[in-house]
Structure formats: structure tokens, C-alpha cells
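# Breakdown of the fold
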Amino acid sequence: MEELVWLIPALPLLGFVLLVLGGRRLGEPGAGYLATTMVAGSFIATVLVFVGLLGKDAEERLFEQTLFEWIPAGDFSVDVGFLADPLSITMALFITGISSLIHLYAIAYMHGDKDFSKFFVYMNLFVFSMLMLVLGDNLLITFLGWEGVGTCSYLLISFWFTDEANATAGKKAFVTNRVGDWGFMVATLLAFFTFGSINYGEMFSGADGMATSTATAITLLLLVGAAGKSAQFPLYLWLPDAMAGPTPVSALIHAATMVTGGVYLLTRVNPIIAEASSVAPDVIAWIGLFTALFAASIAVAQADIKKVLAYSTVSQLGFMFVAVGSGVYVAAIFHMVTHAFFKALLFLGAGSVIHGMDDEQDMEYYGGLRKFMPITAATMVVGWLAIAGVPPFSGFWSKDEILLGAYENNVVAWVLLLIAAILTAFYMSRLIFLTFFGERRWSDGDPEAHAAADEPVADDGARSFHPHEPSPLMWVPLVVLAGLALLGGLLNLPFTGDTKILEQWLEPSLFGNEHIATSGAAGKWTLAIMSIVAAVIGVIGAAAVYIRRRVDKSVVEQPILQDAWMVDDTVTSFMGGPGRKSFELVSWFDRTVIDGAVNGTAAVVRHGGLVLRRLQTGFVRSYAVGVGGGAVALLVYFLFRTTF
Amino acid sequence: MELTTTWYLVLGAIIFAIGASGLMIRRNPLVMFMCVELMLNAVNLTFVAFGRELDDLGGQVSVFFVLVVAAAEVVIGLAIIVAIMRHRSGATADDLSVLRG
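Residues numbered from 1 in each chain as written. Chains lettered and ligands numbered in written order. Predicted model: local features only at pLDDT ≥ 70, side-chain atom pairs only at ≥ 80, totals over all residues.

### Some details on the overall build of chain A
The condition is simple: Only DSSP runs of H or I with at least four residues qualify as helices, and only runs of E with at least two residues qualify as strands; both kinds are numbered from the N terminus onward. Whether a residue is buried, exposed or partly exposed is read from the other C-beta atoms within 10 Å of its own C-beta, which are placed from the backbone; 20 or more gives buried, 12 or fewer gives exposed, and intermediate counts give partly exposed. Two residues qualify as a contact pair if the distance between their C-beta atoms, derived from the backbone, is within 7 Å.
Summing up its helical and strand segments, chain A has 26 helices and 2 strands in all. Looking at chain A residue by residue over its 644 residues, the buried ones come to 51%. The long-range fraction of contacts in chain A, counting pairs at least 24 apart against all pairs at least 6 apart in sequence, stands at 80%.

As C-alpha cells, then:
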């Protein structure tokens, strides 16, 4: 059944084409249902391919399908082909699965939007691009998908483009991604010069014994690309701004799809990382570690509910980079999957809250919402416990694997990562406490209700809120995702070899490059208990600040953290000042020297032509004289040449 | 007095010179056209003369090619001249300089 692999990206593409042609006619909600059906069909196709691969022996679980030759150019030849192996199918399974749920949710969320069908056009194109990224059997197809998700993220983030800020956020995401794409492109060229091919299979069979320097260069260049797509320091800047898009887009881009592309790419090229100097994985791990800590510290002080989740995503991606850098690829993929479950859940839950709170995103206006939105509150609590790392929720198992890998790689890294885990538990608890618990900081415009409940009337009397549970179309995906976030840990329980299902399944894609834990049972238990303690410290700390109010919140929410360490401002002032000057210099060089050379050539030709056109008088007889004279001159020339 | 090859070559040169100078001097397109024909046939004459002198069939073969090209040229050239004359009778070749680029 692996032959169906082409169907996986083809269905969203078909949906895209159909919606472009007839989306407006379908209107609401038809266009949304069509898009959802296509993505769901893609999910079913993925399951079929998955079953097909399961039916084979572990070594044979690799299926390549070449559709046609795309670019034949001498030695350089690129096919449009798909690679179905455990890694790509794992990715495709959760991408299509979660995307289906998000599509379903978006039908309700985008209700009444004037560009309802256009939204689903972009969404289907996005899913198609993402599937090309993970299923492509060579670097160029992956790059095609890579650029595709970049473009779609631009379109979706600035979906409500009439607002200047949204349009700017879209441009920022696109441009920052392009910076990373540079690394990807150079790495592709380097891979072609090294291996004579950019097909994954051919590259990996040639990787054994390749020059260490080349492998290091390719790894680091791909890291640049991956850092751009997966929002690692310093290319993370686009992601928090990308919250300008509609909430389903945030869930799609920041949970299940786009941002996982970088981690996927680095996992995919594990044979090349294995050949690289040990500096390369260390760089990956330290960038991830720094990002994890840095973003977590910012998330602690954000007031906007979506901004908290955005920095949380950056931080969690940092965890995955640490896993890749420590050689525990399975943990990276495991955390990617569980993160996709609980982060999609949290984003959609946040969307539900925003929806119920009249599009207000500032948590200062929330509080005590659990009574009004019980389903949203219950599902988001599941997501919170999962991301905080409380057992038995899924996030605990995957984060524990990463911490174990980091510990065996470098104890300092483990300590820092544990601090990031404490911060994670803290800021997520803060989000939940501020939103669903505590006193109401909003007014429903009915003073008597407040009086009856013996609550103070909020000062902000001008605004009244009527929080309510969303329609089933929105809460059903929440419940499904909550179930997944609860049970996702079952994929890879660390107790015995048999319970490590994901590790066994991914083994053929990792070519034995996975770091096998060497710690004994006692060490592992100690580490697991430490990570539980970290989660509990974070939750209790947040409770002390935001529920018991033992500590004033201004101690935690430092202005520098609210300003995200001023990185954005620094970049802005640099780009506005010296950066702009240097770019103006480049632009001047381009205008005068490069354009000058091109325009100069054209000017010489034009003026020469103006002079020479005078020779063409139109008098046939003068042409005849010219021909005759020329013939005589030639005759004379040849005569004298032979004579002398 | 025997007619040697030289006579034919001299005749060809004279005819060619007449044709060439006619082309440069006359303004009537039809006459200029006839001058071109004169030049072509002068060349034909030298081809045949040399072919006979050197006992090489190539000279005569070349003449056939020239004849074919000349015939084709006549067809197109006359058609153009007729078209011009219909448009503006009594036109000279110099009047047509308005066609310059």
C-alpha cells in the first residue's frame, strides 16, 4: 500500500486547486468542509502507507517512488520523488492528523470572515507544502516544500492584511526565513558537489568516510536553515510576531507543521552529522539550549496569551535542538510529536478563549473563566500538565528523554535545560492560573451579578465580556487533542525495550546514529524524579505568585523580560542606523558600479547605432557603390597578399 | 585571328563593367535591374570560359546555379517593381529612399 504515498500531498493540492477555482462559489461553510475532507483524506492515505510499511520487516521499511524527472541537466538530475520511511511517515501522520483537526476547528473559528474560502485555499496549500517537505526524497523537493511553507506562512500570518501590524508580521516571517534559506541553498550545492547527487539515499550511501570538514560545513549550513524555520536564536524573531495571524494558523504553523521542519531536516541528515566534527552537534545543542532558556524567560512576563504560547514554542523547539545535538534523535522526534499534540491543543484552546472573550488577548482581562468555559478549561489543563512535564502526561516522557540525552552528553547542559523546564512549568501555570482561576478581572456589564457573587466590579466599565463555550466544531478537536496529549507518552515508554515503540520504529531511518543511553536504572530514575521535581517547583512557584499572591508579580514580570530582552529593539535600531547605512552603501555600489556596467554597455551600443544608421541612406545606388568598392578593395587585398 | 579564351574573359569584364556602372548611374529601377542581369551573365561567361580552358565541368555547373538564382531574383524583383510602379508611377530608385530605416 506504500504506492499510495503520492496521494498524501496530492489530496491537499487537489483541494487547493478546487478551492482556487470554485472556492467563492462554495462559500461558507462548504469551502471549509472541502478543505477538511482533503486533509482528512490525506491522513487516511498516510495511515494506509503506514500500515503498508508496518507489514514489512524493519530493514525493508523504505519505499521510494519517483513520479517524473523534474530537472535533467547533464550530471545534475532531480526527480520528483517521495521517500516513505519510518521518519517521514511519522511526520506525515501527525501533520495530516493534527491539520485535519485544525481545519475542522477553523471552520467555526473563521465563521463570518469575508475571505472564508481564501483562508482555506492557503491552508490547503500550506499542508501540501509541508507534506512535500517531509516526503521529498531529495534536498530540492524538501526545499520546494520549505519555501512553500514560508510563502504560505506569509500569506496566512498577514491574512488580515488591512491591519498594518499584521502585514508587517507576515513580511518579517518571510524575510527572516529567507535568511535561513540561504544556508539551506548553499548546503544543497555543497552536497551536490560532494556526493554528485542530492537524493537522500545516494547522499547517505556516500556519506561514509566523507571529509570531516565537508560534513561539518553541510551540517552547519543546514543548521542555519533549520534555525530559521524552527525559530532558533537569533532567527526566532519572526515567530512571536507571527501570532498576528488567525489562531488556527498559529496552531498549524507553530505546533504541528512549519516549525518542526528544521528539526526534521537535521534528523533526516543524521548520517552526515555523524561524519561531521563533534563541534557541529555541540553547536546545535548549545544553540538549542540557549534558545530554550532565553525564550522561556521571556514567556514568563508576556501579557498576551498567544505571545506566551509563541515563546513557549520557541523554547520547546530549543529542547528538540538539544536532543538532536545530543544525538538522541528519537527523543527529538518524540518530543516533536507530543509537542504537536499539546501545543496544538493549547493554541486552539487559547483561540477558544479569545473567541469567547470578544477577541481580547490580554490575560489581564481574563480570570475565573473555568466556570464559563468548562470544556476549554479542562482540555487546556491537560495541555498545561503535558507541557509542564507532569507524569503521566505525554510531555513528561518526551522531555525526560531529552533531559537524559543532555545529561549523558554534558552535565552543564542538563542543569541549564532543567532550569528551562522549571521555567516552562512556571509560565504555563501562570497562563492557566491567570486565565481560568483566580478572580474575574472582566465585567459582563451587569453589576448585579457581581454583587450577587460578592465580587468587585472591574474598573474597566466601558467593556463588557460574555465568555461562552464555543460550538462543537471547535471543542471536539480540543477534546481529541486532549486525549492525544494525555496518552501520547505511550508511544515511547522508557521501561523496557518493548515499550520503546517509537525508538524501534524509527531505527531504520537513523542508521545506528542514535545515542543509546548508558545510564543505569538508578541514574535514570534519579533523573526522572529530578524532572518531576522541576515541574512541581514551576507549578508551585506560579501558584505562589498568581493564586496565593505571596510574591508580587512585578518581581517576576521584569520589564526587560516583557520587552523580550530588547532583542527586537536592538535589531530595529541597528537596522535603522548603521545597518541601514551599510545597506545603502551596497545599494549605491549596485546602482553605480553594477548597473553602470550594464547600462554603459547599452549606452555604447545605442550611440554607436545612432552614428552608424546615417550610413543607411535608402539610396540603392550608393549601396551598389559600397558593394562595388568593397569588392574592388577585397580584390586588391588578395592580389597584393599573394604577390608579397 | 583565333579567338582565345582571353577574348571571352575581356568581353566578360567589359559587360560586367557596363552593368556595374549602369547600376550606379541609372535611376530607373527597371534599367538597374537589367544591369544586375548583365553583371550576372558576364560572370556566367567567365565561368564557362574558364571551365572550357581548364577542362573542368565545375564551371558549367556553377552557371546553372547562377541561372536558377537569377531566375528567382527576377521573379521577386519584377514583382516588387510592378508593385512600386502601381503605387506611384514614374518612381525612381532614389525616391524609394523613404524606405530607409
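### With respect to the overall build of chain B
How we decide: Both definitions apply: the radius of gyration is a C-alpha atom measure, and the globule rule equals 2.2 Å times residues to the power 0.38.
Across its full length, chain B holds 3 helices and 0 strands. Shown N-terminal to C-terminal, the secondary structure of chain B runs as helices and strands in the order α-α-α. On C-alpha atoms alone, chain B measures out to a radius of gyration of 17 Å, which is more than a quarter above the 13 Å that the 2.2 N^0.38 rule sets for 101 residues. For chain B, the C-alpha atoms occupy an extent of roughly 50 × 25 × 25 Å along the three principal directions. Within chain B, the proportion of its 101 residues that are buried is 13%. Looking at chain B alone, contacts between residues at least 24 apart form 47% of all its contacts between residues at least 6 apart.

### Let's talk about unusual backbone geometry
Residue and element names in this part refer to chain A. That bond from F233 to P234 is cis: its omega, 0°, falls within 30 degrees of zero. By the element assignment, P234 lies in the loop between α7 (212-229) and α8 (238-241). Omega for the bond connecting P391 with P392 falls within 30 degrees of zero, at 5°, which places this linkage in the cis form. Position of P392 relative to the elements: it lies in the loop between α15 (374-388) and α16 (394-409). Of note, D358 is a non-glycine position whose phi angle comes to about 60°, a positive value.

### Digging into helix α2 (residues 86-109) of chain A
Cut-off, in case you're wondering: By this rule the span expected of a helix is its residue count minus one, scaled by 1.5 Å.
Look at α2(A): 34 Å from first C-alpha to last across 24 residues, which is about the 34 Å you get at 1.5 Å a residue. Summarising burial for α2(A): 23 of the 24 residues are buried, a large majority.

### What about the domain arrangement of chain A?
The condition that has to hold: As used throughout, domain bounds are those supplied by an automatic or database domain assignment.
Per the domain assignment, the segments of chain A are domain 1 (277-562) and domain 2 (577-643). The gap between the C-alpha centroids of domain 1 of chain A and domain 2 of chain A is 69 Å.

### Comments concerning the interface of chain A and chain B
Heads up, the rule is: When residue character is reported, Ala, Val, Leu, Ile, Met, Phe, Trp, Tyr, Cys and Pro are called nonpolar, Asp, Glu, Lys and Arg charged, and the others, Gly included, polar.
Contacts between the two partners involve 10 residues from chain A, matched on the other side by 11 residues from chain B. Within the side of chain A that touches chain B, the residues separate by chemical class into 4 nonpolar, 4 polar and 2 charged.

### Describing the environment of A:G367
Residue and element names in this part refer to chain A. Within the fold, G367 resides in the loop between α14 (329-356) and α15. The partly exposed category is assigned to G367, around which 19 C-beta atoms lie within 10 Å. Distance from G367 to F436, taken between C-alpha atoms, is 5.3 Å for residues 69 residues apart in sequence. Apart from residues no more than four positions distant in its own chain, G367 is found in contact with L434, G438, E439, R440, R441 and W442.

### Looking at the pairing of strand β1 (residues 63-73) of chain A
All names here are of chain A. Rule in force here: Criterion used throughout: strands pair if DSSP finds at least two bridges between them.
Of all the 11 residues making up β1, 1 are buried; the element is thus mostly uncovered. Sheet topology note: the β1/strand β2 (residues 76-84) ladder contains 9 bridges and is antiparallel. Bridge pairing links F68 to V80 in β2. Taking the residues that link successive antiparallel strands as the turn, the β1-β2 hairpin has 2 residues, and the phi of G74 there is positive, at about 60°.

### Some thoughts on the packing of α7(A) against helix α10 (residues 260-268) of chain A
Residue and element names in this part refer to chain A. Put simply, the rule is: Fitting a line to C-alpha atoms yields each axis, with helices limited to the stretch in contact; the angle taken between N-to-C directions then spans 0 to 180 degrees. Here is the rule for angles: anything less than 35 degrees is roughly parallel, anything more than 145 is roughly antiparallel, 65 through 115 is roughly perpendicular, and the remaining ranges are oblique. A crossing counts as left-handed when the near helix is turned anticlockwise from the far one by less than a right angle, and as right-handed when that turn is clockwise.
Contact geometry for α7 and α10: axes closest at 6 Å, N-to-C directions at 155°. The angle between the axes of α7 and α10 places the two elements in the roughly antiparallel class. Handedness of the α7/α10 crossing: left-handed. Note on element contacts: α10 touches α7 through G261, G262, L265 and L266, opposite L222, L223, G225, A226, A227 and K229. Residue classes in the contact of α7 with α10 are distributed as 6 nonpolar, 3 polar and 1 charged.

### Quick look at the nonpolar core
This is how the line gets drawn: Throughout this description, the term nonpolar core refers to a group of buried Ala, Val, Leu, Ile, Met, Phe, Trp, Tyr and Cys residues whose C-beta atoms join them within 7 Å.
In terms of nonpolar packing, the biggest core is built from 211 residues, with A:V322, A:A344, A:L417 and A:A485 touching the most fellow members. Among the elements that take part in this core, α14(A) stands out by supplying 18 residues, more than any other. Once residues lying within four places of it in the same chain are set aside, the contact partners of A:V322 are A:A285, A:G288, A:L289, A:A292, A:I402, A:A406, A:A413 and A:L417. Within the second largest apolar cluster, 6 residues are counted, among which are A:A624, B:L23, B:C35 and B:A93.

### Side note on the environment of A:V134
Residue and element names in this part refer to chain A. Looking at where V134 falls in the secondary structure, it is placed in helix α3 (residues 116-135). C-beta crowding within 10 Å serves as the criterion here: with 25 such atoms nearby, V134 is assigned to the buried category. In sequence terms V134 and T260 are 126 residues apart; their C-alpha atoms lie 9.9 Å from each other. Look past the residues within four positions of V134 in its chain and what remains in contact with it is S88, M91, A92, I95 and Y264.

### Overview of the packing of α10(A) against α14(A)
All names here are of chain A. Relative orientation of the contacting elements α10 and α14 amounts to 160°, with a least axis distance of 10 Å. In this view, α10 runs roughly antiparallel relative to α14, as classed from their interaxial angle. Handedness of the crossing formed by α10 with α14: left-handed. Residues T260, V263 and T267 of α10 form the contact with α14, whose own contacting residues are Y329, A332, I333, M336 and A340. Considered class by class, the residues forming the contact of α10 with α14 number 6 nonpolar, 2 polar and no charged.

### Quick word on the environment of A:I218
Residues and elements named next belong to chain A. Its location among the elements puts I218 in helix α7. Sequence separation of I218 and G183 is 35 residues, and the distance between their C-alpha atoms is 8.8 Å. Here I218 is in contact with A187, L190, A191 and I272, once residues within four sequence places are set aside.

### Points about α3(A)
For α3(A), with 20 residues, the first-to-last C-alpha span of 29 Å sits near the 28 Å given by 1.5 Å per residue. The element α3(A) is extensively covered by neighbouring structure, given that 19 of its 20 residues are classed as buried.

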